[in-house]
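# Observations on the model geometry
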Amino acid sequence: MSLSVKHLLGIKDLKKEDIELILHTAANFKDVLQRPIKKVPTLRDTTIVNLFYENSTRTRISFELAEKRLSADTINFAASSSSVSKGETLIDTVNNVLSMKVDMVVMRHSATGAPHFLSRHIPASIINAGDGINEHPTQALLDAYSIKERLGGLEGRKVALIGDIMHSRVALSNIYLLTKMGAEVEVCGPPTLIPKHIEHLGVRVSYDLKKTLQWCDVANVLRIQLERQHKPLFSSLREYNLYYGVSRQLVDSLDKEIVIMHPGPINRGVELNSDVADSGHSIILDQVENGVAVRMAVLYLLAGKKDELVV
Amino acid sequence: MKSLYNQQHLKITLDRLTAELVENHRDFSNAVIIGMQPRGIYLADRIVQLLKEQLAGRPIQYGKLDITFYRDDFNTKPGELHIPTETSIDFSLDGKNVILIDDVLYTGRSIRSGLDALLDFGRPKSVELLVLIDRWFSREVPIQPDYVGKTVESATAQKVKVLWQENDGKDEVVLL
């Protein structure tokens, strides 16, 4: 058994079986992470470069830890401190890195489609760690793993994605993944932050936060991405928080228990209030823990396809 | 095709292997059983069952070990990736006498990986190996079993197939 893809560019390209395989393998790696020695020798012959053209804390540390737990050699690259600022092109940078015998590329870029473009030009497996406003596949996989761990499955579960859907690659990857796995998805936020025609992806649309929370089993609250909003899309952060911020009062007013998720970093007091983020409803820190296991699974499964790569 | 074990014969051998274990480890107060995933588990299940009968229901510490992440052939055969199964060892192996159980010992490479994996759960006092079938003359690393059901001389082209009632509908071992 193996994945049907040679790169992880997005959830869009994955089959349901691929997702199941990744989640199954991740469970085994999560077990490894509970052992006295949290490291296995599997990828000791593999070198991985983490190319980050955009800032990141969680994702970069999580990937690096996953690589180290698999005994791979890692190189970290941040665009801000490299020759990119001297004008080197993406392909040149990556080919230079690959000529030093690097096997896999983990990459984050602010341009949508950058990893897809690279995958057509270089002979190494590429893992998309977030490209612009397109996809963030490992985040969606770890979200799915965390939901499955808490609720026992994905099929038939009701998941709400709340907030800045327009600029969120986490939202798009989650929509692809959850609909493929048979979950019901509803997006909720101010009309200016919800893309037109999104219902064609098989999701419901709501503008009423309370109704959405009442409907869902899981609320995945997304960050307001001010750095990608080039024009004002709502009047103020305070007003956003009043209408679309998830607060303790709101969660307590529901007649059911819901699970709260957030991909981080949290804008406390904007999309999510501290009294919810730090409550028993929240599985935000479980998401971070599961992220390492899920990324180990992705690296393991793609490293096994190294020899099939031809450009 | 040659039959190495039928159901009746297998029962006698499992009883003997169990008796040998009890002879060496008495009440199993400091010994633990580790079955190798995936096919060694059926044998380990049987042995643990028989031990419990012998030791009048004394609890036996029994774990399952998956060696996928410790294999030495990762990436040597393109397109044939091993998918892991469950590892469940919910006790420490520090200072324990570990009895590692697998169905067939052939090149010895799985056991080598198994030893690597075991060390990640603590430092055992000793490790012994119990196998049902030992394929002689085909070892690639210096590993020998301590308890053997049957030693078989076989050619590389041949295959040993171990069938279990719980999985395959009958107890039988054949040389193909």
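Located above this text is the structure these notes cover.
As the structure is a prediction and not an experimental result, all values here were calculated from the model. (Residues numbered from 1 in each chain as written. Chains lettered and ligands numbered in written order. Predicted model: local features only at pLDDT ≥ 70, side-chain atom pairs only at ≥ 80, totals over all residues. Heavy atoms only, no water.)

Here the focus is the nonpolar core. Formed by 89 residues in total, the largest nonpolar core has its most connected members in A:Phe29, B:Ile34 and B:Leu65. Looking at this core, you find at least three residues from each of domain 1 (11–135 + 289–308) and domain 2 (137–284) of chain A. Excluding residues that lie within four positions of it along the chain, B:Leu65 makes contacts with B:Ile34, B:Gly35, B:Met36, B:Gln37, B:Thr87, B:Ile89, B:Leu100, B:Gly114, B:Ala117, B:Leu118 and B:Phe121. Grouped together as the second largest cluster of nonpolar side chains are 31 residues, B:Val48, B:Leu50, B:Leu130 and B:Leu175 included. (Core = buried A, V, L, I, M, F, W, Y, C linked by side-chain atoms within 4.5 Å. Buried < 20%, exposed > 50% of the residue type's maximum accessible area, 1.4 Å probe, protein only. Domains from an automatic or database assignment. Contact = heavy atoms within 4.5 Å.)

This part covers the sheet that holds strand β9 (residues 259–261) of chain A. Residues and elements named next belong to chain A. Pairing is parallel across the open sheet formed by five strands, whose spatial order is β7-β6-β5-β8-β9. Either end of the sheet is taken by a strand with one partner, and the two such strands are β7 (204–206) and β9. Sheet twist, expressed as the average angle between the axes of neighbouring strands with direction ignored, equals 25°. Relative to strand β6 (residues 184–188), strand β5 (residues 158–162) runs parallel, the two being bridged by five bridges. Bridge pairing in β6 links Lys158 to Glu184. (Pairing = 2+ DSSP bridges. Helix = DSSP H or I, 4+ residues; strand = E, 2+ residues; numbered from the N terminus. Axes fitted to C-alpha atoms, helices over the stretch in contact; angles between N-to-C directions.)

For the structure on display, the rule yields eight aromatic pairs over all chains. Between A:Tyr53 and A:Phe77 the ring centres are 5.6 Å apart and the planes differ by 50°, which places this aromatic pair in the tilted class. Separated by 24 residues along the polypeptide, A:Tyr53 in the loop between β1 (47–52) and α2 (58–69) and A:Phe77 in strand β2 (residues 73–78) bring together distant segments of the chain. The exposure classification of A:Tyr53 matches that of A:Phe77, with both residues buried. Site record: aromatic cluster; members linked through ring pairs are A:Phe29, A:Tyr300, B:Phe69 and B:Phe74. (Phe/Tyr/Trp six-rings, centres within 6.5 Å; stacked < 30°, edge-to-face > 60°.)

Quick look at the interface of chain B and chain A now. Quoted interface sizes are often the accessible area lost when the parts come together. Taken residue by residue, the interface counts 19 residues in chain B and 25 residues in chain A. Between chain B and chain A lies a buried interface of about 2000 Å² when both sides are counted; carbon and sulfur atoms form 56% of it. Counting across the interface, chain B meets chain A through zero salt bridges. Summed over the shared surface of chain B and chain A, the number is four residue pairs in polar contact (both at pLDDT 80 or more). Of the residues in the side of chain B that touches chain A, the class split is nine nonpolar, six polar and four charged. (Buried area = accessible area lost by both parts, 1.4 Å probe. Salt bridge = Lys/Arg side-chain N within 4 Å of Asp/Glu carboxyl O. Polar contact = N/O pair within 3.5 Å; in protein donor to acceptor, adjacent residues only side chain to side chain. Nonpolar A, V, L, I, M, F, W, Y, C, P; charged D, E, K, R; others polar.)

Turning to the packing of helix α1 (residues 16–32) of chain A against helix α5 (residues 137–151) of chain A, a few remarks are in order. All names here are of chain A. Running from N to C, α1 and α5 cross one another at 70°; their axes reach a closest spacing of 10 Å. Classified by the angle between their axes, α1 and α5 sit roughly perpendicular to one another. Once α1 is placed against α5, the crossing between them reads as right-handed. Across the interface between the two elements, Ile19, Ile22, Leu23, Ala26, Ala27 and Lys30 from α1 touch Leu141, Ala144, Tyr145, Lys148 and Glu149 from α5. Of the residues belonging to the contact of α1 with α5, the class tally is eight nonpolar, no polar and three charged. (Parallel < 35°, antiparallel > 145°, perpendicular 65-115°, else oblique. Left-handed = near helix turned anticlockwise from the far one by under 90°.)

All names here are of chain A. With twelve residues, helix α6 (residues 169–180) ought to run about 16 Å at 1.5 Å a step, and its terminal C-alpha atoms sit 17 Å apart, in line with that. Taking burial as the measure, the twelve residues of α6 include ten buried ones, the bulk of the element. For α6, the capping residue at the N-terminal end is Ser168, with a side-chain oxygen 3.3 Å from the backbone nitrogen of Val170. Positive phi appears at Gly182, one or two residues downstream of α6, with a value of about 85°. (Expected span 1.5 Å × (residues − 1).)

Turning next to the pattern of salt bridges. Residues and elements named next belong to chain A. Under the counting rule described, the total for this entry stands at 22 salt bridges over all chains. Notably, a salt bridge pairs Glu54 with Arg228, separated by 3.3 Å at the nearest N-O pair. Here the residue Glu54 occupies a position in the loop between β1 and α2, and Arg228 occupies one in the loop between β8 (218–221) and α8 (237–244), the gap between them amounting to 174 residues. Neither Glu54 nor Arg228 differs from the other in exposure class; each is buried. The salt bridge involving Arg60 is made with Glu64; its shortest N-O contact spans 3.8 Å.

Quick look at the environment of A:Val270 now. All names here are of chain A. Within the fold, Val270 resides in the loop between β9 and α10 (274–277). On the accessibility criterion, Val270 (11% relative accessible area) is buried. C-alpha separation for the pair Val270 and Thr59, spaced 211 residues apart in sequence, amounts to 22 Å.

Quick look at the side chain of A:Asp164 now. All names here are of chain A. Along the chain, the position of Asp164 falls in the loop between β5 and α6. Here Asp164 is buried and forms no salt bridge, its nearest opposite-charge partner Arg228 lying at an N-O distance of 7.3 Å. A distance of 2.8 Å separates the side chain of Asp164 from the side chain of Gln229, its partner in a polar contact. With residues up to four places along the chain from it excluded, the contact list for Asp164 reads Leu193, Leu222, Arg223, Ile224, Gln225, Gln229 and Tyr240. (Lys, Arg positive; Asp, Glu negative; His and termini not counted.)

Without other data, these values stay purely geometric and don't point to any function.
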